[in-house]
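Structure at a glance
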Amino acid sequence: MTPNNIKKSELEKREAALHSITLTAGALALESYRARQPGDFTLKGQQDFLTEADALVEEHIRQAIYNLFPEDGLLGEETGGSTSNPSLWVVDPIDGTANFARGIDHFCISIAFVHNGDTLLGAIYNPATNEMYLARKDQYVTKNGQALRASSIRDTHSSSFELGWSTRVPQEIYLAIVSSLLESGTNIRRGASGALALAWVAEGRTDGYAESHMNAWDCLAGLLMVREAGGRTGVYPKTHEEIAHGGPILAVAPGVAEQFANDTMISLAAEHNDQKKTNNQRATELELTA
């Protein structure tokens, strides 16, 4: 049996489906992206963009999953859904919609498979750059088939940190976090796609990402990837009911995790013994090659 008592064969079926569905969803998103017209979007709220492609891609994903696993639940950004099913797909059809709408090649499809509150599979795909990130809990995280690992950086003064922004959090908190990060000496960037930001932490392109409130469809796949890459993550809602409401997220390279947790005021999740071992092994490797 795999984690949380789902049969290995059942998880593998969903793993294969996740890969293929993400690719076809990406192709649909890319077709819409190339055909878009300037200004062809609406606003759901302040700086909260919506395009026609969001609904099209989510419906494609929803139907594909239902055809294969009609007993599973699905929670999507655009169409919602029940979180009561123990096997739950959590879907953001296009993360980085503002970029998508403005013709910036930094957006993605993000899909996670969760069983009994535990994220077991994740996929993040940027079809504009053909970058596919995939993860399976306790097994792997890859980009286009190549294994990933988080940054080995230990000095925040040479680090790069991406910070997300949410209207759900008072501006004063956001500004306080910015101030603390700058005092730590990091370079702050913002790419406007939280899912890709997490994938980049797993890849070691950046050394951390935080957002004071993030929805599950934006972050579950990426948080799994960071953990599988040896990074640290913050405490995030675990039960299906909590997942539906979202919360603060933090993902960081292990060597700067404590400092960035202090700067962002987001608590780190406890490391599991196997993760501690992996991080210690990497630290030893770095010392040997220094």
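Up top is the structure.
Heads up: these notes are all about the structure in this document. Each residue is numbered by its place in its chain's sequence as written, counting from 1. For a predicted model such as this one, the threshold for reporting local features is a pLDDT of at least 70, and the threshold for listing and counting side-chain atom pairs is 80 or more; totals across whole chains, interfaces and linings nevertheless cover every residue. Side-chain descriptors were evaluated using all non-hydrogen atoms of the structure, hydrogens and water having been removed beforehand.

Comments concerning the nonpolar core
For our purposes a nonpolar core is just a set of buried Ala, Val, Leu, Ile, Met, Phe, Trp, Tyr and Cys residues, chained together by side-chain atoms within 4.5 Å. Remark: exposure states derive from per-residue accessible area (1.4 Å probe, protein chains only) relative to the maximum for the residue type, with buried under 20%, exposed over 50%, and partly exposed in between. Core analysis: the biggest nonpolar cluster contains 35 residues, and Val 90, Ile 124, Tyr 133, Leu 198, Leu 220, Met 225 and Ile 249 have the highest contact counts within it. Helical segments are the DSSP runs of H or I of at least four residues, strand segments are the runs of E of at least two, and each set is numbered from the N terminus. Sorting the residues of this core by element identifies strand S4 (87-95), strand S5 (108-115), strand S7 (131-136), helix H5 (194-203), strand S12 (208-214), helix H6 (216-228) and strand S14 (247-252) as the ones contributing at least two each. In terms of residue count, the dominant contributor to this core is H6 (nine residues). By definition in these notes, contact holds between two residues if any of their heavy atoms fall within 4.5 Å. Those residues in contact with Ile 249 that lie beyond four places of it in its chain are Leu 198, Tyr 209, Ala 210, Glu 211, Met 214, Cys 219, Leu 223, Tyr 236 and Ile 266. Core analysis: the second largest hydrophobic core is formed by 30 residues, Ile 21, Phe 113, Leu 121 and Met 132 among them.

Quick look at empty space enclosed by the protein
Only protein atoms enter the 1 Å grid used here, on which a cavity is any set of points holding a 1.4 Å probe that cannot leave and a pocket is any open set flanked by protein within 12 Å on both sides along at least five of seven lines; residues with an atom within 4 Å of a point are listed as lining. Grid points are joined across faces, edges and corners, and a volume is the space filled by probe spheres set on the points. All told, the structure shown has one cavity of 30 Å³ or more when counted by the stated rule. Space inside the largest cavity adds up to approximately 50 Å³. For the largest cavity, the full set of lining residues is Leu 163, Gly 164, Trp 165, Ser 166, Val 169, Ile 173, Tyr 174, Ile 177, Glu 211 and Ser 212. Those elements that provide at least two residues to the lining of the largest cavity are helix H4 (171-183) and S12. In the scheme used here, Gly and all other residues not listed as nonpolar or charged are polar, with Ala, Val, Leu, Ile, Met, Phe, Trp, Tyr, Cys and Pro taken as nonpolar and Asp, Glu, Lys and Arg as charged. Counted by class, the lining of the largest cavity contains six nonpolar, three polar and one charged residues.

Describing the sheet that holds strand S6 (residues 118-126)
The criterion for strand pairing is that DSSP finds at least two bridges linking the strands in question. If you walk across this open sheet you meet the seven strands as S3-S4-S5-S6-S7-S8-S9, and the pairing is mixed. Each of the sheet's edge strands pairs with one partner strand only, and the pair in question is strand S3 (73-76) and strand S9 (146-147). Judged from the six bridges that link them, S6 and S7 form a sheet pairing that is antiparallel. Across the sheet, residue Leu 121 finds its bridge partner in S7, namely Arg 136. Simply put, an axis is a line fit to the C-alpha atoms, just over the touching stretch for a helix, and the angle between two N-to-C directions goes from 0 to 180 degrees. Packing of helix H2 (residues 52-68) onto the sheet brings it into contact with S3, S4 and S5, and relative to S4 it is tilted by some 155 degrees.

Regarding the pattern of salt bridges
By definition, a salt bridge exists where a carboxyl oxygen of Asp or Glu is found within 4 Å of a side-chain nitrogen of Lys or Arg. The full count for this structure, using the stated rule, is 14 salt bridges. A salt bridge links Arg 14 to Glu 10, with the shortest nitrogen-to-oxygen separation between them at 3.0 Å. Taken together, the residues Arg 14 and Glu 10, both in helix H1 (residues 8-35) and four residues apart, mark about one turn of the helix. Residue classification places Arg 14 among the buried residues on the basis of a relative accessible area of 3%. The class for Glu 10 is partly exposed, based on a relative accessible area of 24%. Put simply, Lys 137 and Asp 118 hold a salt bridge, and the shortest N to O gap is 2.5 Å. Linking Lys 137 in the loop between S7 and strand S8 (140-143) with Asp 118 in strand S6, this pair joins segments that are 19 residues apart in sequence. By relative accessible area, which is 25% here, Lys 137 ends up partly exposed. What emerges from the salt-bridge pattern is a single network uniting Glu 10, Lys 13, Arg 14, Glu 71 and Asp 72.

Focus on the packing of aromatic side chains
The geometry of an aromatic ring pair is captured by the separation of the ring centres together with the interplanar angle, meaning the angle of the planes. Classification of ring pairs rests on two measures: the distance between centres of Phe, Tyr or Trp rings, Trp counted by its six-membered ring, which must be within 6.5 Å, and the angle between planes, read as stacked under 30 degrees, edge-to-face over 60 and tilted in between. One pass over the full model with this rule turns up six aromatic pairs. Judged by centre distance (5.2 Å) and plane angle (50 degrees), the rings of Tyr 33 and Phe 100 are tilted. Note that Tyr 33 is positioned in helix H1 and Phe 100 in helix H3 (residues 97-102), a separation of 67 residues in sequence. Across the pair, Phe 100 and Tyr 33 agree in class, each one buried.

Things to note about the pairing of S3
Side chains Gly 73 and Leu 75 of S3 all project onto a buried face; the interleaved residues Leu 74 and Gly 76 project onto the opposite face, where all are buried too. Where S3 and S4 come together, four bridges link them in parallel fashion. Among the inter-strand pairings, Leu 75 is bridged to a residue of S4, identified as Val 90.

Quick look at the sheet that holds strand S11 (residues 187-189)
In spatial order, the strands read S11-S10-S12-S14-S13; together these five strands make up an open sheet with mixed pairing. One side of each edge strand has no neighbouring strand; the edge strands of this open sheet are S11 and strand S13 (232-233). Two elements, S12 and S14, share five bridges in a ladder whose sense is antiparallel. Across the sheet, the residue bridging to Glu 211 is Ile 249, located in S14. Packing of H5 onto the sheet brings it into contact with strand S10 (160-163), S11, S12 and S14, and relative to S12 it is tilted by some 150 degrees. Packed onto the sheet, H6 meets S12, S13 and S14 and runs at close to 30 degrees relative to S14.

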